[in-house]
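This is what each chain is made of:
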Amino acid sequence: MDQPRLPLITVATVTYNAESTLPCTLESVASQTYPHIEHLIVDGCSKDQTMEQIHRYVDANTGKAQPHDIHVVREPDKGLYDAMNKALEQAAGDYIVFLNAGDRLHSPDTLQKAFAPLAGLSLLPAIVYGETDLVDAEGRFVRHRRLQAPERLTWKDFRWGMLVCHQSFYVRTDLARQTPYDLAYRFSADYDWCLRLLEQADRKGLPVRNSHLVLTDYLCEGLTTQNHKASLGERFRIMARHFGWAATVGRHLWFVLRAVLKK
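Residues numbered from 1 in each chain as written. Predicted model: local features only at pLDDT ≥ 70, side-chain atom pairs only at ≥ 80, totals over all residues. Heavy atoms only, no water.

Participant: Could you give an account of the overall build of the chain, naming the residues involved and the relevant values?
Facilitator: On a plain count of helices and strands, the chain comes out with nine helices and nine strands. In terms of overall dimensions, the chain is globule-like: its C-alpha atoms have a radius of gyration of 18 Å, near the 18 Å expected for 263 residues. Seen through its C-alpha atoms, the chain measures out along the principal axes to roughly 60 × 50 × 35 Å. Residues classed as buried in the chain amount to 50% of the 263 residues present. (Helix = DSSP H or I, 4+ residues; strand = E, 2+ residues; numbered from the N terminus. Rg over C-alpha atoms; globule rule 2.2 N^0.38 Å. Buried < 20%, exposed > 50% of the residue type's maximum accessible area, 1.4 Å probe, protein only.)

As structure tokens, this is what we get:
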């Protein structure tokens, strides 16, 4: 009897001058026990040693008994989210997740635990999601992410913020490709992207699956963290676009009041 087919997972890593943070990400993917992984690396013409590290990674993982497929694209882009859109077009997997330089899959069996239960399903969930731990540049645990994934996730839950980290949000590639990142947002296009995909799943009546796992170790000092104020401004506009201005203003007033009351 044929074994049920396991989904192919595209782990997309977008890089630009990432020599200091990339090695841990590459090792994280290489150590996965799950047998069906495409690692798609999109580099925006780095000027440091990033490409040398990528070449060593490809060489080290070629010829293994169960090698992951590694594909490398190197070309100029218009920024992070433009590069992510390039990855959406190139991805061959049933699912795609973005794991950028400095971020790690939580453990070597993360993908095995998350996706082996989907083997043979006639209808794959639109989205598989989970929890995130924050780590420092050395990979040391800092804390659990403050916002926790709800038991059942819908687009309406994102009115309270990005309850699921982008790196712990696995999307069916056919749906993701229909919903590219909006390049009008420089720092929070991932929040808008996740929202639109959840809306799409809701409209089409597609299941959204909670893995009940910590999926990602997220490097605290990412692009959004470094540009915190600009990111918050963009997130306010995204919330207003999806939930309405009145509701968004009211919710932010409640956030301020709650912060005051906690002091």
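That covers the picture; the talk isn't over yet.
Participant: Any chance you could break down the layout of surface pockets for me, citing the residues and the numbers?
Facilitator: Volume-wise, the second largest pocket comes out at about 190 Å³. Together, 14 residues line the second largest pocket, and Arg152, Leu153, Thr154, Leu206 and Val208 are the ones closest to its centre. For the lining of the second largest pocket, the element with the highest residue contribution is helix 6 (residues 189-204), accounting for three residues. When its residues are assigned to classes, the lining of the second largest pocket shows eight nonpolar, three polar and three charged. (1 Å grid on protein atoms, 1.4 Å probe; cavity = no way out; pocket = protein on both sides within 12 Å on 5 of 7 lines; lining within 4 Å. Points joined across faces, edges and corners; volume = space filled by probe spheres on them. Nonpolar A, V, L, I, M, F, W, Y, C, P; charged D, E, K, R; others polar.)

Participant: Can you lay out the packing of helix 6 against helix 8 (residues 228-243) for me, pointing to particular residues and giving the numbers?
Facilitator: For the pair helix 6 and helix 8, interaxial distance at closest approach is 9 Å and the crossing angle is 20 degrees. One way to sum up the angle between helix 6 and helix 8 is to call them roughly parallel. By crossing handedness, the relation of helix 6 to helix 8 is classed as right-handed. Side by side, helix 6 and helix 8 meet where Ala189, Tyr191, Asp192, Leu195, Arg196 and Glu199 of the first sit next to Glu234, Arg235, Ile238, Met239, Arg241, His242 and Phe243 of the second. Residue classes in the contact of helix 6 with helix 8 are distributed as six nonpolar, one polar and six charged. (Axes fitted to C-alpha atoms, helices over the stretch in contact; angles between N-to-C directions. Parallel < 35°, antiparallel > 145°, perpendicular 65-115°, else oblique. Left-handed = near helix turned anticlockwise from the far one by under 90°. Contact = heavy atoms within 4.5 Å.)

Participant: Let's hear about the environment of Thr173: which residues, and what values?
Facilitator: Tracing the sequence through the fold places Thr173 in helix 5 (residues 173-177). Sequence separation between Thr173 and Tyr95 is 78 residues; the distance between their C-alpha atoms is 4.9 Å. Beyond its immediate sequence surroundings of up to four residues, Thr173 is in contact with Ala91, Gly93, Asp94, Tyr95 and Ile96. One polar contact links the side chain of Thr173 to the main-chain amide nitrogen of Tyr95, over a distance of 3.5 Å. (Polar contact = N/O pair within 3.5 Å; in protein donor to acceptor, adjacent residues only side chain to side chain.)

Participant: Go over the nonpolar core, please, and point to the residues and values.
Facilitator: Membership of the largest hydrophobic core comes to 42 residues, with the highest contact counts inside it found for Phe98, Ile127, Phe158, Phe169, Tyr181, Tyr191 and Trp193. With sequence-adjacent residues up to four places away left out, Trp193 is seen in contact with Leu88, Phe98, His166, Phe169, Val171, Ala176, Thr179, Pro180 and Tyr181. (Core = buried A, V, L, I, M, F, W, Y, C linked by side-chain atoms within 4.5 Å.)

Participant: Pulling in residues and values, what's your account of the side chain of Asn61?
Facilitator: On the secondary structure map, Asn61 appears in the loop between helix 2 (50-60) and strand 3 (69-74). Assessed through its relative accessible area of 10%, Asn61 is described here as buried. A polar contact of 2.8 Å, which involves the side chain of Asn61, links it to the backbone oxygen of Tyr57.

Participant: Residues and numbers for the pattern of salt bridges, please.
Facilitator: Scanning all chains against the criterion turns up nine salt bridges. The partner of Lys113 in a salt bridge is Asp109, with the nearest N and O atoms 3.4 Å apart. In this structure Asp109 comes out as partly exposed when scored by relative accessible area, which is 26%. A salt bridge links Arg241 to Asp182, with the nearest nitrogen and oxygen atoms 3.3 Å apart. Taken together, the residues Arg241 in helix 8 and Asp182 in the loop between helix 5 and helix 6 connect sequence positions 59 residues apart. (Salt bridge = Lys/Arg side-chain N within 4 Å of Asp/Glu carboxyl O.)

Participant: Can you break down unusual backbone geometry residue by residue, with the values?
Facilitator: Even without being glycine, Asn17 reaches a positive phi, approximately 50 degrees. Within the element layout of this structure, Asn17 appears in the loop between strand 1 (9-15) and helix 1 (22-30). Relative accessible area serves as the criterion here: at 34%, Asn17 is assigned to the partly exposed category. Phi at His212 is positive, roughly 60 degrees, even though this residue is not glycine. Inspection of the secondary structure puts His212 in strand 9 (residues 208-219).

Participant: I'd love a proper account of the environment of Ala230, names of residues and values included.
Facilitator: Mapped onto the elements, Ala230 comes out in helix 8. A C-alpha to C-alpha distance of 9.9 Å links Ala230 and Tyr185, two positions 45 residues apart in sequence.

Participant: Which residues make up the packing of aromatic side chains, and what values do they have?
Facilitator: Summed over all chains, the structure comprises 10 aromatic pairs. Measuring from ring centre to ring centre gives 5.8 Å for Phe158 and Tyr191, while their planes differ by 5 degrees; the resulting arrangement is stacked. Residue Phe158 is found in the loop between strand 7 (141-144) and strand 8 (169-172), and its partner Tyr191 is found in helix 6; the two are separated by 33 residues along the sequence. On the basis of relative accessible area, Tyr191 is assigned to the buried category, the value being 0%. By the ring-pair criterion, three or more aromatic residues cluster together here, those being Tyr81, Phe98, Phe169, Tyr181 and Trp193. The side chain of Arg235 reaches across the aromatic face of Tyr191, ending 5.4 Å from its centre. (Phe/Tyr/Trp six-rings, centres within 6.5 Å; stacked < 30°, edge-to-face > 60°. Lys NZ or Arg CZ within 6 Å of the ring centre and 35° of its normal.)

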